[in-house]
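# Observations on chain architecture
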Amino acid sequence: MEQMEGLTVTACERCPALCESRSRIVNGDGPDDASLLFVGEAPGAQEDAEGRPFVGRSGDVLNDALRDRGLARSDVRITNCVRCRPPDNRDPHKEELANCRDYLETELARVDPDLVVTLGKVPTEHLLERSVAVTKEAGSVHDVRLGDATHRLLVCVHPAATLYDRSQRETFDEALDEAVALVGEGAGDQSRLGDY
Ligand code: URA
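Remember, it's a predicted structure, so these values are computed and weren't measured experimentally.

About the cut-offs
Residues numbered from 1 in each chain as written. Predicted model: local features only at pLDDT ≥ 70, side-chain atom pairs only at ≥ 80, totals over all residues. Heavy atoms only, no water. Disulfide = S-S within 2.5 Å. Buried < 20%, exposed > 50% of the residue type's maximum accessible area, 1.4 Å probe, protein only. Helix = DSSP H or I, 4+ residues; strand = E, 2+ residues; numbered from the N terminus. Pairing = 2+ DSSP bridges. Lys, Arg positive; Asp, Glu negative; His and termini not counted. Salt bridge = Lys/Arg side-chain N within 4 Å of Asp/Glu carboxyl O. Polar contact = N/O pair within 3.5 Å; in protein donor to acceptor, adjacent residues only side chain to side chain. Contact = heavy atoms within 4.5 Å. Core = buried A, V, L, I, M, F, W, Y, C linked by side-chain atoms within 4.5 Å. Near = heavy atom within 4 Å. Areas by Shrake-Rupley, 256 points an atom, 1.4 Å probe, with all protein chains shown as cover. Axes fitted to C-alpha atoms, helices over the stretch in contact; angles between N-to-C directions.

### Some thoughts on the state of the cysteines
Per the stated rule, a full pass over the model turns up zero disulfides. Residue Cys-84 stays outside any disulfide, its sulfur separated by 6.3 Å from that of Cys-19, the closest cysteine. Judged by relative accessible area, which is 10%, Cys-84 ranks as buried.

### Brief notes about the pairing of strand β4 (residues 77–80)
Across a regular strand the side chains alternate sides, sitting on one face of the sheet and then on the other. Of the two faces of β4, both are covered, the one formed by Arg-77 and Thr-79 as well as the one formed by Ile-78 and Asn-80. By the bridge criterion, four bridges tie strand β3 (residues 36–40) to β4 in an arrangement that is parallel. Directly across from Gly-40, in β4, lies its bridge partner Asn-80.

### Some remarks on the side chain of Glu-47
Relative to the assigned elements, Glu-47 resides in helix α2 (residues 45–50). Buried charged residue Glu-47 carries no salt bridge. Nearest counter-charge: Arg-85, at 7.2 Å. A polar side-chain atom of Glu-47 sits 2.9 Å from the main-chain amide nitrogen of Gly-44. Reaching out from Glu-47, the side chain makes a polar contact with the backbone nitrogen of Val-55 at a distance of 3.1 Å. Those residues in contact with Glu-47, other than ones at most four positions away along the chain, are Val-26, Arg-52, Pro-53, Phe-54, Val-55 and Gly-56.

### Re the pairing of strand β6 (residues 141–146)
Judged by which residues are buried, β6 turns out to be one-sided: His-142, Val-144 and Leu-146 face inward and are buried, whereas Val-141, Asp-143 and Arg-145, on the alternate face, are not. Here β6 pairs with strand β7 (residues 149–156) via six bridges, running antiparallel. Paired with Val-144 across the bridge in β7 is His-151. Linking two consecutive strands that pair antiparallel, namely β6 and β7, is a turn of two residues; a positive phi of about 60° is found at Gly-147 within it.

### What about the nonpolar core?
Ranked by internal contacts, the top residues of the largest apolar core, which has 52 residues, are Leu-36, Phe-38, Leu-62, Val-117 and Phe-172. Elements supplying a minimum of two residues to this core: β3, α3 (57–68), α4 (94–111), β5 (115–119), α5 (121–128), β6, β7 and α8 (167–183). With sequence-adjacent residues up to four places away left out, Leu-62 is seen in contact with Phe-38, Phe-54, Ile-78, Leu-119, Pro-159 and Phe-172.

### Some details on the site of the ligand
If you check the shell around the ligand, you find Gly-40, Glu-41, Ala-42, Pro-43, Glu-47, Pro-53, Phe-54, Asn-80 and His-158 and nothing else. Considering the ligand on its own, with 230 Å² of exposed area, one finds that the protein chains cover 91% of that surface.

### Section: the sheet that holds β4
On the basis of which strands lie adjacent, the open sheet formed by five strands has the order β4-β3-β5-β7-β6 and mixed pairing. Here the strands that pair on one side only, and so sit at the sheet edges, are β4 and β6. In this sheet, neighbouring strand axes are inclined to one another by 35° on average, regardless of whether the strands run parallel or antiparallel. Taken together, the four bridges between β3 and β5 define a ladder with parallel strand orientation. In the sheet register, Phe-38 faces β5, and the bridge partner there is Val-117.

Below, the structure is given as structure tokens:
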């Protein structure tokens, strides 16, 4: 049984192992007309518990980086390649990425952001469909055909990488600067930073 209502997958049993390991489906979060859309890998324990992407330590890194650039989390959309937590936080398998791909393509087509930012190796390789040395290619921009649409994509390292390797912090920061520069004023159109 599977079902997608708007941007929300409400039921899905395509991946037997993930159906076992998840407590819930973690859908994308943020405005459905966001200019900037981040794609991560898969929900972790905290995301699985709360039902929102990037709410753990990686989410804190991302939120702080957005805030440093004058953006609130609620200005951007954040989603994952795979919507269910893999067992023991392993990387999603190829078939699981493939099973979830049309949900992601539908979300990207409906939100139609000015820029898609891939966070880390798994989403970058999944969407560019080749192997990628993310640290080397961070900040690079590509036009990619996904489903029926072409999207502009910027490669970024995963926020978690900055927690374990301080040298990745600079790479992450530069890629985010580039993302915000590319989207320009559109990025903060809906900014609620002033409300805090
Ligand atoms: N949280 C997510 O939702 N996705 C990741 O890739 C990492 C943490």
